[in-house]
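So you can see what is in the structure, the chains are spelled out below.
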Amino acid sequence: MTFTPTDYNPYDFANRRHIGPSPAEMAEMLTAVGVRSLDELIDQTVPPSIRQTKPLTWAPLAEHELLAKMSEVSQKNRVMTQLIGQGYYGTVTPPAIQRNILENPAWYTAYTPYQPEIAQGRLEALLNFQTMVCDLTGLDVANASLLDEATAAAEAMTMAERVAKSKARAFFVDRFCHPQTIAVIKTRALPLGIEIIEDVVESLDPSKVFGAIFQYPGSYGHVRDFTAEIAALHAAGAVAVMATDLLALCMLKEPGAMGADIAIGSSQRFGVPMGYGGPHAAFMAVKDAHKRQMPGRIVGVSIDAQGGKAYRLSLQTREQHIRREKATSNVCTAQALLAVMASMYAVFHGPKGLRAIAERVHFLTQRLARALKAAGAKVSPKAFFDTITVEVGVGQAGILAAARAEGLNFRKIGLDRVGISLDETTDLKVLIRILKAFGIDGVPPHRSSLGFPEEMLRTTDYLTHPVFHMNRAESEMMRYMRRLSDRDLALDRAMIPLGSCTMKLNAAAEMMPITWPEFGSLHPFAPRDQAAGYTEAITDLSAKLCEITGYDAMSMQPNSGAQGEYAGLLTILAYHRARGDHDRKVCLIPVSAHGTNPASAQMAGMEVVVVKSAPNGDVDVEDFRAKAVEAGARLAACMITYPSTHGVFEETVSDICKITHDHGGQVYIDGANMNALVGLVKPGEIGGDVSHLNLHKTFAIPHGGGGPGMGPIGVKAHLAPHLPGHPETGGDGTVSAAPYGSASILLISWAYCLMMGGPGLTQATRVAILNANYIAARLSGHYPILFMGNKGRVAHECILDTRPFAEVGVTVDDIAKRLIDNGFHAPTMSWPVAGTLMVEPTESETKAEIDRFITALLSIREEIAAVERGEISSEESPLRHAPHTVAALVGEWNRKYSREAGCFPPGAFRVDKYWPPVGRVDNVYGDRNLICTCPPVESYMEAAE
């Protein structure tokens, strides 16, 4: 007998780890779809006229090879003690938080908590974050995080204009704000026609502005009381914004005590590594009177169907999918995972721990200042918290070099000064090395004297809620984090079939490098020669993304998909201005577009013209043509999503691009659905001039419970000179605080591309299309499939029309909540068509999990049929009572269906059953009774009674 070796390759990451169905399962699925091969399905789905001719060819790496390469690249970064400050600081991530939050898929694979019943753990952690921010800033309401400090400042400026009584059109910017913050504010202000007055605070004229922003402490260390300036602003009907630091506020008088209306900043130094710029959770807190004008997500407290307390996202009608071109912000994400980390850092340390850390940092800074002054150095400012500036004259280069020789990075300020910012990681050994760089031996003894006036000392309490006074034994912390994660449903438990959101595998090997110190401890403004590893990773990822998309250049700066849209439109406008086309402001956007599209266009100062949809869901080409003709020489751009938001490869995409170009406009192709394109279609080859890529969708960065994300933009060569610049690297048009946005998570997408290889990425796209068409084929006849291509195929997602069931009282909400009983997150609800479910299985789901999901939907359809037959009313059916909790199971049962039917429907696991912690949440009650900080413990006791 001849021995035949196996052809199975256990190290084939794409086909054995990332892509769910096996070859045998794919054959069964293809039969159900009604095709003989995957090639035949793709030919029926993707128009041949737009298919790319050259395949993606780079070879894949196995997981162990990838980790070896990552280790090699990481060693090219130089790990230094970072004393640059400027909004980024060394911090100690408690190992319990690193292991149980950052490295735990129960936290990093969850989706945005739009389905509150299956997100109570995340929502509690984010409510803790909001409470922490409110307490430390002294303001009434905080949001559940923004992207970074600089973009939070820009959001605060536009919010200030909305709420100010002053009719002035100028905004004052404190010259001591961080340079990157000033740059992002200027970018945001320009298209909106807001004049920026950048000056020292002493020159502020409140009558000429609608608002002002002050940095506290200042970028160069200054600590001062802004009470008088804020009072003057209020007298003129203007709004006061303070950019502040949470650790400093553990010692310093809080913004609320000075009368500030809005406070913003970053929570990075609460246990989140610098990561060469991010991701980090920014915060915004406001006075109660302004809460309904605040951008971003806000976690609030409501009640469930049984009257118990339940958390939810509040005021959701403010989301961009509702307000569209009337939106005042395009914020469509948060930094939820990082906000959770920061909140857990506060729980871990409590108010006494945070105060102790703040005091230690401050008194070490005091000792440093005393030693430098004793040696004759000119040190400023007189009042400081953790940052000082030293005049070194012509010796600046020598001091910076001496510091680097000691393994330290100082901040270069102008031509004759250096800045030094101490942090939680600073100790006596670091202090000795700092002074050695100045040629000073020894350190003065510790003295508990303040480096700022005593009247600036904080006198109010903070973090008084019991959650911040837990027993901080690691066992208790570990159990608290576990209890919260057990309340949630994330990808580590079940498929999350959200259309347009691409909840695919986030492989462990891709995640590991981001917590290595060689990547995590780099300051975004460190000298470039210390970041050779990051440079190699970003350069190679950019090259691969250009090859995938057909574009010529990439900007990695935008740190969310919506930021990518905004940056792409600004790039288009800059291109038109450079050609003298200052009147090109019209942007054509289909009615079906993502809500952030018109919101981003509005923020870029464009005039949004909405294009109708044809009956089959496609863009109405004749309406598009007519509106392009009407715009004429004023046409700046069109924004389209491809495949369409209806999950179809529209055959007219080339026509739309040609019409736009014929009228002098640029084509923006939204990259939200790149999971159906990679390896098959290049947007830059079918007429696109610019696209953003949601790396947290197609390129495997995990959603993290609502963030982080990255939205880099690819452009054709003619747009490349107009990509976003940055104060640290040159150029203007800055859109994010760091030059490469949330740089550390770019490593995840790079690792994904390296392990998949070009053929693996292409196969992933093909299987994503197969999985969606398999669901459509299995459910066809039970649920109407709303839109299909000319040959009866969907792209990577399909829309189930549930509107006919409303005739018997069954709503899309009922179906979504019933899926929770089956152990599934609901598909995307009521978008892009109200009353529908948009399903995207991704390529990562196995046939068994997809079949379980189909079984669940078929059982739900039978429950609807029972209502249709009159056997039970919709109000009495398990659909209306869903989801079913353990409390409902063991409580009094007087329903028209059995406990078994209610709690263990087909498709649900029995042994590993997921039990939602709360019943259906009352959204209306939550909005009418808005509570956005941790409620007192007594309220939980009352609910239990």
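Rules used in this analysis
- Residues numbered from 1 in each chain as written.
- Predicted model: local features only at pLDDT ≥ 70, side-chain atom pairs only at ≥ 80, totals over all residues.
- Heavy atoms only, no water.
- Helix = DSSP H or I, 4+ residues; strand = E, 2+ residues; numbered from the N terminus.
- Rg over C-alpha atoms; globule rule 2.2 N^0.38 Å.
- Buried < 20%, exposed > 50% of the residue type's maximum accessible area, 1.4 Å probe, protein only.
- Contact = heavy atoms within 4.5 Å.
- Lys, Arg positive; Asp, Glu negative; His and termini not counted.
- Charge placed at Lys NZ, Arg CZ, Asp CG, Glu CD.
- Axes fitted to C-alpha atoms, helices over the stretch in contact; angles between N-to-C directions.
- Left-handed = near helix turned anticlockwise from the far one by under 90°.
- Nonpolar A, V, L, I, M, F, W, Y, C, P; charged D, E, K, R; others polar.
- pLDDT = per-residue confidence, 0-100.
- Arc of directions from axis to C-beta.
- Polar contact = N/O pair within 3.5 Å; in protein donor to acceptor, adjacent residues only side chain to side chain.
- Core = buried A, V, L, I, M, F, W, Y, C linked by side-chain atoms within 4.5 Å.
- Pairing = 2+ DSSP bridges.
- Salt bridge = Lys/Arg side-chain N within 4 Å of Asp/Glu carboxyl O.

### A short note on the overall build of the protein chain
A count of helices and strands for the protein chain gives 31 helices and 25 strands. For the protein chain, whose C-alpha radius of gyration is 28 Å, the value lies close to the compact-globule estimate of 30 Å for 945 residues. Expressed as a percentage of its 945 residues, the buried residues of the protein chain come to 65%. Across the protein chain, every contact between residues at least 6 apart in sequence was considered, and the portion connecting residues at least 24 apart equals 77%. Computing the positive centroid from 88 side-chain charges and the negative centroid from 101, the protein chain places the two 3 Å apart.

### Details of the packing of helix H13 (residues 336-374) against helix H16 (residues 474-486)
It is at 11 Å that the axes of H13 and H16 come closest, and there the two elements cross at 145 degrees. Note on packing geometry: the crossing formed by H13 with H16 is right-handed. Here Met344, Val347 and Phe348 of H13 lie close against H16, whose contacting residues are Met477, Tyr480, Met481 and Leu484. Split into classes, the residues belonging to the contact of H13 with H16 amount to 7 nonpolar, no polar and no charged.

### With respect to the confidence of the model for the protein chain
Looking at the protein chain as a whole, the pLDDT averages 95, with 97% of positions reaching at least 70. Segment residues 939-945 is flagged for pLDDT under 50; beyond a separation of four residues in sequence, or across chains, it makes 6 contacts in the model.

### Focus on helix H15 (residues 428-437)
Here H15 has its buried residues at Val430, Leu431, Ile434, Leu435 and Ala437. Down the axis of H15, the smallest arc covering the buried residues is 155 degrees, so these residues share one side. Exposed and facing more than 90 degrees away from the buried side of H15 are Lys429 and Lys436. Here H15 starts with a cap whose side-chain oxygen sits 3.1 Å from the backbone nitrogen of Lys429, and that cap is Asp427. Note on H15: the residue one or two positions beyond its end, Gly439, has a positive phi of about 75 degrees.

### A closer look at the environment of Lys716
Position of Lys716 relative to the elements: it lies in the loop between strand E22 (713-715) and helix H24 (746-779). The spatial distance from the C-alpha of Lys716 to the C-alpha of Asp461 is 55 Å, given a sequence separation of 255 residues. Apart from the residues within four sequence positions on either side, Lys716 is in contact with Gly550, Tyr551, Asp552, Gly684, Gly688 and Asp689. Among the polar contacts made by the side chain of Lys716, one reaches the main-chain carbonyl oxygen of Gly684 at a distance of 3.1 Å.

### Some thoughts on the nonpolar core
Membership of the largest hydrophobic core comes to 226 residues, with the highest contact counts inside it found for Met132, Phe214, Phe410, Ile420, Ile434 and Phe438. Those residues in contact with Phe214 that sit more than four places away from it in its chain are Phe172, Asp174, Cys177, Val201, Leu204, Phe226, Glu229, Ile230, Leu233, Val241, Met242 and Ala243. In terms of nonpolar packing, the next biggest core, distinct from the first, is built from 32 residues, Ala160, Ile213, Val241 and Val286 among them.

### Details of the pairing of strand E15 (residues 417-421)
For a regular strand, side-chain orientation follows a simple rule: the groups alternate between the two sheet faces. Counted residue by residue, E15 has 4 buried out of 5 residues, so it is predominantly covered. Sheet topology note: the strand E12 (residues 387-391)/E15 ladder contains 5 bridges and is antiparallel. Looking across to E15, one finds that Thr387 is bridged to Ser421. The sheet contact formed by strand E14 (residues 411-413) and E15 spans 3 bridges and is antiparallel. Residue pairing for E15: Lys412 is matched across the bridge by Val418. Linking E14 to E15, which pair antiparallel, is a turn of 3 residues; within it Gly414 sits at a positive phi near 60 degrees.

### Observations concerning the sheet that holds strand E24 (residues 828-829)
Pairing is antiparallel in the open sheet, where 3 strands are placed in the order E23-E25-E24. Edge positions in the open sheet fall to strand E23 (798-801) and E24, since each of these has one partner strand only. The pairing of E24 with strand E25 (residues 836-839) spans 2 bridges and is classified as antiparallel. Note on E25: the bridge partner recorded for Met829 is Leu837.

### With respect to the sheet that holds strand E6 (residues 239-245)
In space, the 7 strands of this open sheet follow the order E2-E8-E7-E6-E5-E3-E4, with mixed pairing throughout. The sheet is open, and its two edges are formed by strand E2 (141-142) and strand E4 (195-199), each paired on a single side. As defined by bridge partners, E6 adjoins strand E7 (residues 262-266) across 5 bridges and the pair is classed as parallel. By the bridge assignment, Met242 is partnered in E7 with Ala263. Contacts between helix H9 (residues 179-192) and the sheet are confined to strand E3 (170-174), E4 and strand E5 (211-216), with E4 contributing the most and set at about 160 degrees to the helix.

### Some details on the side chain of Asp148
Its location among the elements puts Asp148 in the loop between E2 and helix H8 (149-163). Within the buried set, Asp148 has no salt-bridge partner at all; the shortest N-O distance to an opposite charge, 8.1 Å, is to Arg188. Leaving out residues up to four positions away in the same chain, Asp148 has contacts with Ala282, Asn559, Ser736 and Ala737.

### Some details on the pattern of salt bridges
Should their charged atoms come close, side chains of opposite charge can pair. Summed over the entire model, instances satisfying the criterion amount to 48 salt bridges. A salt bridge links Asp261 to Lys287, with the nearest nitrogen and oxygen atoms 3.3 Å apart. You can see Asp261 sitting in the loop between helix H11 (255-258) and E7 and its partner Lys287 sitting in the loop between strand E8 (282-286) and strand E9 (298-303), a full 26 residues away along the chain. The class of Asp261 is buried, set by a relative accessible area of 5%. Bridged by salt links that share partners, the residues Glu28, Arg778, Lys847 and Asp851 form one connected network.

### Quick word on unusual backbone geometry
Among all residues except glycine, the phi angle is most often negative; among peptide bonds, the trans geometry is most common. Tyr216 connects to Pro217 through a cis peptide bond whose omega is -5 degrees. In this model, Ser380 is joined to Pro381 through a cis peptide bond whose omega is 0 degrees. Mapped onto the fold, Pro381 is located in the loop between strand E11 (378-380) and E12. In the Ramachandran plot, Ser145 falls in the positive-phi region, its phi being about 110 degrees despite a non-glycine side chain. Its location among the elements puts Ser145 in the loop between E2 and H8. For Thr502, which is not glycine, the phi dihedral falls at a positive 50 degrees. Its location among the elements puts Thr502 in the loop between H16 and helix H17 (508-511).

### Description of the pairing of strand E21 (residues 690-693)
Residues of E21 alternate between two faces, with Val690 and His692 on one and Ser691 and Leu693 on the opposite face, all of them buried. In the sheet, strand E20 (residues 666-671) pairs with E21 via 4 bridges, with the strands oriented parallel. For Ile669, the partnering residue across the bridge sits in E21 and is Ser691. Across 3 bridges, the pairing between E21 and E22 is antiparallel. Paired with Val690 across the two strands is Val715, which belongs to E22.

### So, the environment of Glu840
Relative to the helices and strands, Glu840 resides in the loop between E25 and helix H26 (847-868). Apart from residues lying up to four places away in sequence, Glu840 is in contact with Ile496, Pro497, Leu498, Gly499, Ser500, Cys501, Thr502, Asn675, His796 and Glu797. Here the side chain of Glu840 touches Thr502 through a polar contact of 2.9 Å, side chain to side chain.

### What about the side chain of Ser749?
Relative to the helices and strands, Ser749 is located in helix H24. For Ser749, a relative accessible area of 0% translates into the label buried.

### Examining helix H2 (residues 23-33)
Taken residue by residue, H2 has Met26, Met29, Leu30 and Val33 as its buried positions. One face of H2 carries all of its buried residues, which in axial projection span an arc of 105 degrees. Relative to its buried face, H2 has exposed residues pointing more than 90 degrees away, namely Ala24 and Thr31. Residues of H2 that are buried sit in contact with helix H3 (38-45), H24 and H26. Positive phi appears at Gly34, one or two residues downstream of H2, with a value of about 95 degrees.

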